[in-house]
Amino acid sequence: MFPKNAWYIACTSDEIAGEPLGRTLCGQRVALYRGHGGKVAAVEDFCPHRGAALSLGRVVDGNLMCGYHGLVMGCDGKVVSMPMQRVGGFPCIRSYPVAERHGFVWLWPGDARLADEGSIPALAWSDDPEWAFGGGLYHIQCDYRLMVDNLMDLTHEAYVHVGSIGQNEIDASPVKTRMEGETVVTSRIMESVIAPPFWQEAMRANGLDPEALVDRWQISRFTAPGQVLIDVGVALAGKGGFEAAPEHQASAVVVDFMTPETESSHWYFWGMARRFKPADVALTEAIREGQGRIFSQDLDVLEAQQRNLQTFPDRRLLALNIDAGGVQARRLIDRLVQAEKTMAATAGTPETAVA
Amino acid sequence: MFPKNAWYIACTSDEIAGEPLGRTLCGQRVALYRGHGGKVAAVEDFCPHRGAALSLGRVVDGNLMCGYHGLVMGCDGKVVSMPMQRVGGFPCIRSYPVAERHGFVWLWPGDARLADEGSIPALAWSDDPEWAFGGGLYHIQCDYRLMVDNLMDLTHEAYVHVGSIGQNEIDASPVKTRMEGETVVTSRIMESVIAPPFWQEAMRANGLDPEALVDRWQISRFTAPGQVLIDVGVALAGKGGFEAAPEHQASAVVVDFMTPETESSHWYFWGMARRFKPADVALTEAIREGQGRIFSQDLDVLEAQQRNLQTFPDRRLLALNIDAGGVQARRLIDRLVQAEKTMAATAGTPETAVA
Amino acid sequence: MFPKNAWYIACTSDEIAGEPLGRTLCGQRVALYRGHGGKVAAVEDFCPHRGAALSLGRVVDGNLMCGYHGLVMGCDGKVVSMPMQRVGGFPCIRSYPVAERHGFVWLWPGDARLADEGSIPALAWSDDPEWAFGGGLYHIQCDYRLMVDNLMDLTHEAYVHVGSIGQNEIDASPVKTRMEGETVVTSRIMESVIAPPFWQEAMRANGLDPEALVDRWQISRFTAPGQVLIDVGVALAGKGGFEAAPEHQASAVVVDFMTPETESSHWYFWGMARRFKPADVALTEAIREGQGRIFSQDLDVLEAQQRNLQTFPDRRLLALNIDAGGVQARRLIDRLVQAEKTMAATAGTPETAVA
């Protein structure tokens, strides 16, 4: 269950550096590519001539040329030309609003008339030389909302991520969940603890004594439909925690964008943005590699959970206080989906209209 | 959608040189083997004793012996014997009309009473020392009719087979489609062009200057339900094209037989027969290897097309003039299928009767 | 089709020596582990908190702790604790009667109130130093009853197991099937034959001349729902066969326990218990390896048979006299299943009640 009138990350900028890319997003087969002047474009991955996958073709003069018989498709879904054929009466296919921001390609799978590029999230670090970012992509066989739950309740770190970012004090520290406008915020503070291995390495990289007592914070912020940004970090104990001066802390933002593929699978774009040693490329790569390994530990858990939920569709799960963040997040998602249903009922189904 | 009262290639002669072969053909599980005196035989791949796959057994005295408990099945589907058991009352299984011709085993999946070996296609080159033949088999996850479309519209060579048999002039040369009796013929002539790489090699092999201007032809001939033979070649420009004297041309017949496995998959027997340097075994192998590589480029395209058509079952595809060959071919197929339905409605379902 | 009120082997003792084990048994997802004092325990593989697979967790103080958020599940399916949460009102999950005997973990998937550990089969050799046992586990994609058929009709050895335990005389020797209480017994005696390779090795290991004429026996004993024990062996000809003195024979018990996973797949626990050279560990391993190789030959046959039976669901198979053992075995199974249906109809469905 996902809203369609929203911006989702379709791919990273790198993924369409060369060839077009075919990817199923929110249940729709999409061909993504760079059109005129390198501008990103997205159309249905379906050639109106014989149904070939346009993503297997190539870009010619800014248009996507079908790799089967040479039909040239415009970025707006209108056929441009085809050798020896008159294309005036050819049916259009659907094109999608897309925009490239922050190293990602954002796609709006719903009603194009509602797509406002201004609502693409601003990511503070993306064009700021004081920040460094590294990340990756996982294709996961579970409902994207299970990943939202996962990220809004970091209690699991104490169990799934033992030996890296997990530590016993996570359990012992209560979480607080609140709304900030349309953002769900779940925070947990651990005071005067020894940092777990991942953060000890970050302290060392940042010139701090890794054995020192620290205050540790985790502040997850969910914005519908599939964005979770998490302020994470440690500061020398008593220096103000999240508010501590830069020289007393090592901190970062865990970046998570989930894009549904189907009702039971999703694309998980993960990464970490940090404000220390931004020019240290080797450190970026080391963090990226470590985060990738840690986050891959969630995959087995989530995919087994998905299978279990499908096996026992009638079971009601428990929502404890640690689940409050996920519960609130789902409430926002539900509300958006419900609003789209209401809109569709009163106004037809504009989101499937050809642009 | 495929007619059942027709000869289809079940396998090559080589495939049953030793062990029996189990293969699904036109939706039916068949065990193919060499019976008495090496004569090909085909029965349902189902032992009437306990349902074991007969194709896992072996041939004993010209009969197929089940590899599970030793039931001996006759080539006519009647049980011959079983150790310590009286077999008089055993039910028959279905046997299929089969015949070995031209290096292939042909099977008639429909009403055995209608099977006439005289209607197995004559393949001019198969027993003629002036010809050489090489080929292979691909198992493709798409409706066999998509491959018929592919072969009846060689426009795709300009896109799918760039760098081998594709060339830009293909697009620029109009195709003509006509009926010759029950055969659909689509032809395209390119005059005074430079040959593409594949044909330049053939010219070199045939003692012609590969850089010379040539007239190139492609004449696809479809015969229902799954046969496409394509006259292909080049002749020195102005020497008469397809009619040019042997010393001025390099030509061949592309051989294509498609046998449905299911509604959405098929066995594709492909090859090339040539009338030059027939004794040059290394050349035969080189051509076979090159053709196999070129034809494998179609697989991704066709399988993605099949998935797309299943995803969008309501879309109507376009039939342009380049598609006329495929359209005519499907019309012939439809007519045969419709005739079988009519026959079944008036006369029961003889094609499923045990022979 | 399988009865639920019965003991089935869930796993070997070794399989849960360390980590918990998740396995689908009789259609139910089960987490198996060693609880308090190493005592085996089994609960539904479903955490009542968020549906995670409990088998991915670990055992803490004799309880299974969920690996996702630390919920501690008791061996009785009642939640013990969860960090920072009150667990009083948490729903129970199902627990299963289990017992460890003879190196196996036995599970009762049905109504726990009917589970009587006294009905777990006694296996003579398991605690007797005069016996040695070696075995393994195969996961097979076929109805467990096809394996029962297989083991109750060893005629197949002459075909499937040529070169190891198969020999032509198997076919020539009639089988006899009788009931001994609730046990189906099928026996076949081959008199004055040369032993096949497997038994020649056993004779050699047992100090007998492998070339000598022997009397060979196979006595399969089926007990519902999934147990087949087979007395197998050879004795020097005329020394009394199965009753011959130990120094004149080489004999063993083939051990087979089939546990349904789904209606069309099962877990096959196989092994061999022998009463000669019990301390010879290398011999145990050599036999185990040989038996594993021989039994793996059945897999292709049985899985192809399963596919065939699903393709032709309306075909009636033949039941010959060699099939009498399997027919009787299925009759016992049918009777148990029917009795459970009757019980469920009159008394609700107690077997699904939470213990």
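Computed from a predicted model, the values in this text were never measured in an experiment. (Residues numbered from 1 in each chain as written. Chains lettered and ligands numbered in written order. Predicted model: local features only at pLDDT ≥ 70, side-chain atom pairs only at ≥ 80, totals over all residues.)

1. Examining the overall build of chain A
Condition: Every helix listed is a DSSP run of H or I at least four residues long, and every strand listed is a run of E at least two residues long, numbered separately from the N terminus. Just to be clear, the radius of gyration here is over C-alpha atoms, and the globule rule we use is 2.2 Å times residues to the power 0.38. For every residue pair, C-beta atoms are placed from the backbone, and the pair is scored as a contact if these atoms sit within 7 Å.
Each helix and strand counted, chain A has six helices and 17 strands in total. The C-alpha radius of gyration of chain A comes to 22 Å, within 12% of the 20 Å expected for a compact globule of 355 residues. Taking the contacts inside chain A whose residues are at least 6 apart along the sequence as the reference set, 58% of them involve residues at least 24 apart.

2. Brief notes about the interface of chain A and chain B
Spelled out, the test is: Residues are sorted three ways: Asp, Glu, Lys and Arg are charged, Ala, Val, Leu, Ile, Met, Phe, Trp, Tyr, Cys and Pro are nonpolar, and all the rest, Gly among them, are polar.
Counting residues at the interface gives 17 residues for chain A and 21 residues for chain B. Split into classes, the residues belonging to the side of chain A that touches chain B amount to nine nonpolar, six polar and two charged.

3. Re the domain arrangement of chain A
Residues and elements named next belong to chain A. In plain terms, the rule: Domain boundaries shown here were taken from an automatic or database domain assignment.
When the domains of chain A are assigned, the result is domain 1 (8-119) and domain 2 (132-337). Here the C-alpha centre of domain 2 lies 33 Å away from the C-alpha centre of domain 1. Across the contact, eight residues belong to domain 1 and eight residues belong to domain 2. Of all the secondary-structure elements, those providing two or more residues to the side of domain 1 that touches domain 2 are strand 1 (8-12) and strand 2 (21-25). With four residues, the top contributor of residues to the side of domain 1 that touches domain 2 is strand 1. Partitioning the side of domain 1 that touches domain 2 into residue classes produces five nonpolar, three polar and no charged.

4. So, the environment of B:Glu117
Residue and element names in this part refer to chain B. Put simply, the rule reads: Burial is judged by counting the other C-beta atoms within 10 Å of a residue's own C-beta: 20 or more makes it buried, 12 or fewer makes it exposed, and any count in between marks it as partly exposed, with every C-beta position built from the backbone.
Residue position: Glu 117 is located in the loop between strand 10 (104-107) and strand 11 (132-140). Taking the number of C-beta atoms within 10 Å as the measure of exposure, Glu 117 has 12 and is therefore exposed. Sequence separation between Glu 117 and Lys 239 is 122 residues, and the spatial gap between their C-alpha atoms is 40 Å.

5. Regarding the interface of chain C and chain B
Contacts between the two partners involve 21 residues from chain C and, on the opposite side, 17 residues from chain B. When contributions to the side of chain C that touches chain B are tallied by element, the ones reaching two or more residues are helix 2 (157-160) and helix 5 (281-311) of chain C. With seven residues, the single largest contributor to the side of chain C that touches chain B is helix 5 of chain C. Residue classes in the side of chain C that touches chain B are distributed as twelve nonpolar, five polar and four charged.

6. Things to note about the sheet that holds strand 12 (residues 175-180) of chain C
Residue and element names in this part refer to chain C. Let me state the cut-off plainly: Strands were regarded as paired on the criterion that DSSP finds at least two bridges between them. A fitted line through C-alpha atoms represents every axis, and for helices the fit uses only the stretch in contact; the resulting angles, taken between N-to-C directions, go from 0 to 180 degrees.
With respect to topology, seven strands assemble into an open sheet ordered 11-17-16-15-14-13-12, the strand pairing being antiparallel. Each edge of the sheet is formed by a strand with only one pairing partner; in this case those strands are strand 11 (132-140) and strand 12. If you compare each strand with its neighbour and ignore which way they point, the axes differ by 15° on average. Bridge count between strand 11 and strand 17 (residues 265-274): nine bridges; the pairing is antiparallel. Of the residues in strand 17, the one forming a bridge with Phe 133 is Ala 273. Each of strand 11 and strand 17 touches helix 5; the most contacted strand, strand 11, lies at about 25° to it.

7. What to know about the pairing of strand 16 (residues 249-262) of chain C
Residue and element names in this part refer to chain C. Most of strand 16 is tucked away: twelve of the 14 residues are buried. For strand 15 (residues 227-236) and strand 16, the ladder comprises nine bridges, and the chain directions are antiparallel. Looking at strand 16, one finds that Asp 231 is bridged to Val 253. Sheet topology note: the strand 16/strand 17 ladder contains ten bridges and is antiparallel. Within strand 17, the residue paired with Asp 256 across the bridge is Trp 270. Between strand 16 and strand 17, which pair antiparallel one after the other, the connecting turn spans two residues.

8. A look at the environment of A:Ala115
All names here are of chain A. Inspection of the secondary structure puts Ala 115 in the loop between strand 10 (104-107) and strand 11 (132-140). Overall, the presence of 22 C-beta atoms within 10 Å leaves Ala 115 in the buried class. Put simply, Ala 115 and Val 301 are 186 residues apart on the chain and 35 Å apart in space, counted from C-alpha to C-alpha.

9. Considering the pairing of strand 15 (residues 227-236) of chain A
Here is the key point about a regular strand: its side chains alternate between the two faces of the sheet. Residues and elements named next belong to chain A. Counting buried residues along strand 15, nine of its ten residues qualify, which places the element largely inside the surrounding structure. The pairing of strand 14 (residues 213-223) with strand 15 spans ten bridges and is classified as antiparallel. In the strand pairing of strand 15, Phe 222 is matched with Val 228. Connecting strand 14 to the antiparallel partner strand 15 that follows it, the hairpin turn spans three residues.

10. Considerations on helix 4 (residues 197-205) of chain A
Residue and element names in this part refer to chain A. Our working definition: The directions considered for the arc are those from the helix axis to the C-beta atoms.
Those residues of helix 4 lying buried are Phe 198, Trp 199, Ala 202 and Met 203. What you see down the axis of helix 4 is that its buried residues fit within an arc of 135°, all on one side. Against the buried residues of helix 4 lie strand 15, strand 16 (249-262) and helix 5 (281-311). Taken from the residues just after helix 4, Gly 207 is the one with a positive phi, measuring 80°.

11. Points about the relation of the copies chain A and chain B
Put simply, the second copy of the chain is the first one after a rotation about an axis and a shift along it. This is how it is decided: Here the copies were fitted onto each other by least squares, based on C-alpha atoms from residues at pLDDT of at least 70 in both.
When chain A is fitted onto chain B, the two copies agree to an RMSD of 0.1 Å after a turn of 120° and an axial shift of 0.2 Å. The two molecules are tied by a three-fold rotation axis, judged by turn and shift. Relative to the rotation axis, the C-alpha of A:Gln141 is the closest in chain A, positioned 14 Å from it.

12. Digging into the sheet that holds strand 10 of chain B
Residue and element names in this part refer to chain B. A sheet is described by the order of its strands in space; here three strands give the open sequence 1-10-9, paired in antiparallel fashion. This sheet does not close on itself; its edge strands, each paired only once, are strand 1 (8-12) and strand 9 (98-101). Neighbouring strand axes in the sheet, compared pairwise and without regard to direction, differ in orientation by 30° on average.

13. With respect to the packing of helix 1 (residues 144-152) of chain A against helix 6 (residues 324-347) of chain A
Residues and elements named next belong to chain A. Put simply, the test is: In what follows, roughly perpendicular refers to angles from 65 to 115 degrees, roughly parallel to angles under 35, roughly antiparallel to angles over 145, and oblique to any angle outside these ranges. Definitions for this section: a left-handed crossing has its near helix turned counterclockwise from the far helix by less than a right angle. A right-handed crossing has that turn clockwise.
Running from N to C, helix 1 and helix 6 point in directions that differ by 140°, and their axes come no closer than 8 Å. Regarding the angle of helix 1 to helix 6, the classification is oblique. Remark: the crossing between helix 1 and helix 6 carries right-handed chirality. On the side of helix 1, the interface is formed by Arg 145, Val 148, Asp 149 and Met 152, while helix 6 contributes Gly 325, Gly 326, Ala 329, Arg 330 and Ile 333.

14. Quick notes on unusual backbone geometry
All names here are of chain A. Ala 224 connects to Pro 225 through a cis peptide bond whose omega is 0°. Within the secondary structure, Pro 225 is located in the loop between strand 14 and strand 15. Its identity is not glycine, yet Lys 277 carries a phi of approximately 45°, on the positive side. Among the structural elements, Lys 277 can be located in the loop between strand 17 (265-274) and helix 5.

15. Quick word on helix 6 of chain A
All names here are of chain A. Counted only if it meets this: Here a helix's expected span is defined as the number of its residues, less one, multiplied by 1.5 Å.
Compared with the 34 Å implied by 1.5 Å per residue over 24 residues, the 34 Å span of helix 6 between its first and last C-alpha is a close match. Buried residues of helix 6: Gly 325, Gly 326, Ala 329, Arg 330, Ile 333 and Glu 340, and no others. Looking at the buried positions of helix 6, the neighbouring elements they touch are helix 1, strand 12 (175-180), strand 13 (183-194) and strand 14.

16. Looking at the environment of A:Leu317
Positionally, A:Leu317 belongs in the loop between helix 5 and helix 6. If we skip the residues at most four places from it in the chain, A:Leu317 touches C:His49, C:Arg50 and C:Gly51.

17. Observations regarding the confidence of the model for chain A
Residues and elements named next belong to chain A. This is how it is decided: pLDDT gives the predictor's per-residue confidence on a scale running from 0 to 100.
Of all residues in chain A, 98% attain a pLDDT of 70 or more, and the chain-wide mean is 92. Counted against residues more than four places away or in other chains, residues 350-355, with its pLDDT under 50, gives 14 contacts. This complex was scored by the predictor with a pTM of 0.90 and an ipTM of 0.89.

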